[in-house]
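Each chain is listed here by its residues.
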Amino acid sequence: MNQFPRPLAKLVGELAKLPGIGNKTAQRLAFHLLSVSDEEAEALATSIYDAKKRMKYCSVCGNLTDTDPCGICSDKERNQNIICVVETPQDVMAMERIREYKGLYHVLNGAISPMEGIGPEDINLKQLIVRLQENPNVSELILATNPNIEGEATAMYISRLLSSTGIKVTRIAHGLPVGGDLEYADEVTLLKAMEGRREL
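Predicted model only: the values in this text are computed from it and were never measured. (Residues numbered from 1 in each chain as written. Predicted model: local features only at pLDDT ≥ 70, side-chain atom pairs only at ≥ 80, totals over all residues. Heavy atoms only, no water.)

> Pulling in residues and values, what's your account of the overall build of the chain?
When you go through the chain residue by residue, the secondary structure sums to eight helices and six strands. Starting at the N terminus and walking to the C terminus, you meet the elements of the chain as α-α-α-β-β-α-β-α-β-α-β-α-β-α. Relative to the globule expectation of 16 Å for 200 residues, the C-alpha radius of gyration of the chain, 21 Å, shows a markedly less compact shape. Taken along the three principal axes of its C-alpha coordinates, the chain extends 65 × 45 × 35 Å. Relative to its full complement of 200 residues, the chain shows a buried share of 29%. Restricting to contacts in the chain with at least 6 residues of sequence separation, those with at least 24 account for 47%. (Helix = DSSP H or I, 4+ residues; strand = E, 2+ residues; numbered from the N terminus. Rg over C-alpha atoms; globule rule 2.2 N^0.38 Å. Buried < 20%, exposed > 50% of the residue type's maximum accessible area, 1.4 Å probe, protein only. Contact = heavy atoms within 4.5 Å.)

> Any chance you could break down the packing of aromatic side chains for me, citing the residues and the numbers?
Under the criterion given, the structure shown has two aromatic pairs. With a centroid separation of 5.8 Å and 70° between ring planes, the pair formed by F4 and F31 is classed as edge-to-face. Of this pair, F4 sits in the segment before α1 (6–16) while F31 sits in helix α2 (residues 23–35), and the two are 27 residues apart along the sequence. Ring centres of Y101 and Y105 lie 5.2 Å apart, and the angle between their planes is 65°; on these two criteria the pair is classed as edge-to-face. A relative accessible area of 12% means that Y101 is categorised as buried. (Phe/Tyr/Trp six-rings, centres within 6.5 Å; stacked < 30°, edge-to-face > 60°.)

> I'd like a rundown of the nonpolar core, residues and numbers included.
With 31 residues, the main nonpolar core has I83, C84, V85, Y105, L132, L141 and I158 as its most contacted residues. Broken down by secondary-structure element, the contributors of at least two residues to this core are α4 (71–74), β3 (82–86), α5 (89–97), β4 (104–107), α6 (126–134), β5 (140–143) and α7 (149–161). For this core, the element with the most residues is β3, which contributes five residues. Contacts of C84, omitting those with residues within four sequence positions, involve M95, Y101, L104, Y105, H106, I142 and A144. By size, the runner-up hydrophobic cluster in this structure holds six residues, among which are V12, L15, A26 and A30. (Core = buried A, V, L, I, M, F, W, Y, C linked by side-chain atoms within 4.5 Å.)

> Tell me what's going on with the confidence of the model for the chain, and back it up with residues and numbers.
Put simply, the chain has an average pLDDT of 92, and 98% of its residues get 70 or more. Across the chain, element-level confidence peaks in β4 with a mean pLDDT of 98 and bottoms out in helix α8 (residues 187–195) with 78. (pLDDT = per-residue confidence, 0-100.)

> Residues and numbers for the packing of α1 against α2, please.
With their axes 8 Å apart at the nearest point, α1 and α2 run at an angle of 125° to one another. Here α1 lies oblique to α2, going by the angle between them. The way α1 lies across α2 gives a crossing that is right-handed. Contact residues: α1 offers L8, L11, V12, L15 and A16, while α2 offers N23, A26, Q27, L29, A30, F31, L33 and L34. (Axes fitted to C-alpha atoms, helices over the stretch in contact; angles between N-to-C directions. Parallel < 35°, antiparallel > 145°, perpendicular 65-115°, else oblique. Left-handed = near helix turned anticlockwise from the far one by under 90°.)

> Summarise α2; cite the residues concerned and give the values.
Quick reminder: α-helices carry 3.6 residues per turn. Residues three or four places apart thus point the same way. Between its terminal C-alpha atoms α2 stretches 19 Å, which fits the 18 Å expected from 13 residues at 1.5 Å a residue. Along α2, the positions that sit buried rather than exposed are A26, Q27 and A30. Axial view of α2: buried residues confined to an arc of 100°, hence all on one face. Every exposed residue of α2 that faces more than 90 degrees away from the buried side is listed here: K24, R28 and S35. Buried residues in α2 make contact with α1. (Expected span 1.5 Å × (residues − 1). Arc of directions from axis to C-beta.)

> Please set out a negative patch on the surface residue by residue, giving values where relevant.
Among the surface-exposed residues, D38, E39, E40 and E42 lie close enough to one another that they form a single negatively charged patch. By secondary structure assignment, the location of E40 is in helix α3 (residues 38–54). Judged by relative accessible area, which is 48%, E40 ranks as partly exposed. (Patch = residues over 30% accessible without salt bridge, like charges linked within 9 Å, V, L, I, M, F, W, Y side chains within 5 Å. Areas by Shrake-Rupley, 256 points an atom, 1.4 Å probe, with all protein chains shown as cover. Salt bridge = Lys/Arg side-chain N within 4 Å of Asp/Glu carboxyl O. Lys, Arg positive; Asp, Glu negative; His and termini not counted. Charge placed at Lys NZ, Arg CZ, Asp CG, Glu CD.)

> Lay out the layout of surface pockets with the relevant residues and their values.
The space that makes up the largest pocket amounts to roughly 290 Å³. What lines the largest pocket is V86, D91, A94, M95, A144, T145, N146, P147, I172, A173 and H174. A total of three residues in the lining of the largest pocket trace back to one element, the largest contributor, which is α5. Residues of the lining of the largest pocket, tallied by class, amount to seven nonpolar, three polar and one charged. Its volume calculated, the second largest pocket comes out at about 220 Å³. (1 Å grid on protein atoms, 1.4 Å probe; cavity = no way out; pocket = protein on both sides within 12 Å on 5 of 7 lines; lining within 4 Å. Points joined across faces, edges and corners; volume = space filled by probe spheres on them. Nonpolar A, V, L, I, M, F, W, Y, C, P; charged D, E, K, R; others polar.)

In structure tokens:
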């Protein structure tokens, strides 16, 4: 027997579907939402609905945007000769936080994962190739996919695909995080740190 009334149980169930939200957290969120004013609850519901209806993928880079092309692709001040390839729109936000990268992006919206049945045709790779063909001034492609099996496989696939184009293909460095301890690092992280060492 369900201990919650049907509307509350439905709300808890929907919240529990969100990534990183377990049943207990979903219950806390549901009770919090029931305690706010009608105006606050309506503002939340409206913002979710509005974002869902208005957000779309940029036709150039694949990033989430409410305008097409997105603000980054439209910015003529950015370096048009460098494209940083990332897996998700969240990765674009992370890169933008460092305030150093001034080039363009290409969002794959996924990574190659044969175990999950995701191949090159299932991610935003075809548009990257079209983009490179249409812009012969691109001189460097920075592969900033995640440092896991899928991210590495995706980076290697793109690198091989573009090996004969003359475009410089680079990979972001991986290794120990600032403030990290050697004793807690796994073997792959230590190996990447050794491979990416530089002269001081």
